[in-house]
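Overview (structure and organization)
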Amino acid sequence: MRFGTLGGRLVLVADGRALDVATASGGALPSGARAALARWDEVRAWAPTADRSGAVSVTEAELGPPVPDPRQVFAVALNYRPHAAEAGFTPPDAPLVFTKFPSCVTGPVTTVALPPGNVDWEIEVVAVIGAGGHRIPRAAAWDAIAGLTCGQDLSERLTQSQGRPAQFSLGKSFPGFGPTGPVAVTPDAFPDRDDIRFESTLLNGSTSETLQSGRTGDMIFPIDDLVARISAICPLLPGDLIFTGTPAGVGNRRTPPRFLRPGETLISRLDGVGELRQTFAQGPR
Ligand code: ZN
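Figured I'd write up the structure that's included with this text. Starting afresh in each chain, residues are numbered from 1 along the sequence in its written order. Thresholds applied to this predicted model are a pLDDT of at least 70 for local features of residues and 80 or more for the giving and counting of side-chain atom pairs; totals over whole chains, interfaces and linings are not thresholded and use all residues. Side-chain calculation: all heavy atoms of the structure are included, whereas hydrogens and water are not.

Turning our attention to the coordination of the zinc ion. The donor definition counts N, O and S atoms within 2.8 Å of each metal and applies 3.2 Å to Na, K and Ca; water is not among these atoms, so some sites may look incomplete. In the first shell of the zinc ion, the protein supplies E122 (OE), E124 (OE) and D153 (OD), at 1.9 to 2.1 Å from the metal. Motif for the zinc ion, donor spacing along one chain: E-x1-E-x28-D. Taken as a pair, E124 in strand 10 (residues 123-129) and D153 in the loop between strand 11 (145-152) and strand 12 (155-156) lie far apart in primary sequence, 29 residues in all. Remark: exposure states derive from per-residue accessible area (1.4 Å probe, protein chains only) relative to the maximum for the residue type, with buried under 20%, exposed over 50%, and partly exposed in between. The exposure class assigned to E124 is buried, which follows from its relative accessible area of 1%. Numbering of helices and strands runs from the N terminus, with a helix taken as a DSSP run of H or I at least four residues long and a strand as a DSSP run of E at least two residues long.

To continue, consider the packing of aromatic side chains. Ring pairs shown here join Phe, Tyr and Trp side chains whose ring centres sit within 6.5 Å, with only the six-membered ring taken for Trp; geometry is labelled stacked below 30 degrees between planes, edge-to-face above 60, and tilted in between. Applying the stated criterion across every chain, the model contains four aromatic pairs. Residues Y80 and F198 carry aromatic rings whose centres are separated by 6.2 Å and whose planes lie at 70 degrees to one another, so their mutual orientation is edge-to-face. One end of the pair, Y80, is in the loop between strand 5 (73-77) and helix 4 (81-86); the other, F198, is in strand 14 (residues 197-204), and 118 residues separate them in sequence. Under the relative-accessibility criterion, Y80 is labelled buried at 2%. For F198, a relative accessible area of 1% translates into the label buried. Pairing F174 with F177 gives two aromatic rings, centres 5.3 Å apart and planes at 50 degrees, and the pair type is tilted. By relative accessible area, F174 is classed as partly exposed at 25%.

Structure follows, in structure tokens:
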């Protein structure tokens, strides 16, 4: 099952059409994503029986973020060995968790104003939490995930590395730095929920370059392990997001470093989910 938001309301998406959950359920289910995710078992039980006659045609550009207003957005650094190596670190013993402040979350197709500094790409798989919970055992973690979506953990590297010790969260939270979507897909809909392929491409005029490619099977801390370890400390709330880490190939580890420029478009594609499209514009200097 594929779900997202249209005009801030939760929709089921199939065959290019969006079905409004609250309307199609006759008001039995809520319209907001977080409220519906809090009652995710009910949404899942209702969906196969839903009357789809009211579904409307929709394009990916019209969809909003799967969760427009998450209360907690966790993100994980160095969760792929080659990326840890390119960043000059040994693989961590426990997940390195920071936050992308929720105001940076957007939908799948956006224009992002580049702040001063060095803005870099990080394609990531993002887990969308259903009803949530505290101290979720790893064996129950997949059941706590309502869906997986594609994300970009856009990062301004000067802000990120400013200070001693450095702080990650602000440099990763400029407006528009958390695109997600175009839909979230329930884990049962993937051929193998533990090994999903993804890839990002940079378009600049007529040239196209693959930036990063990876698969979730290569994670140091797999998605269900992250849910267990994070929820061991923070209770997970309905609609929370977990950005699960990026593989090798970020711009600031290239020789010479390479960052996003005005006029370029970043395409991020997650198998079974779809793609994000971010175009970059010159922001205020
Ligand atoms: Zn990241």
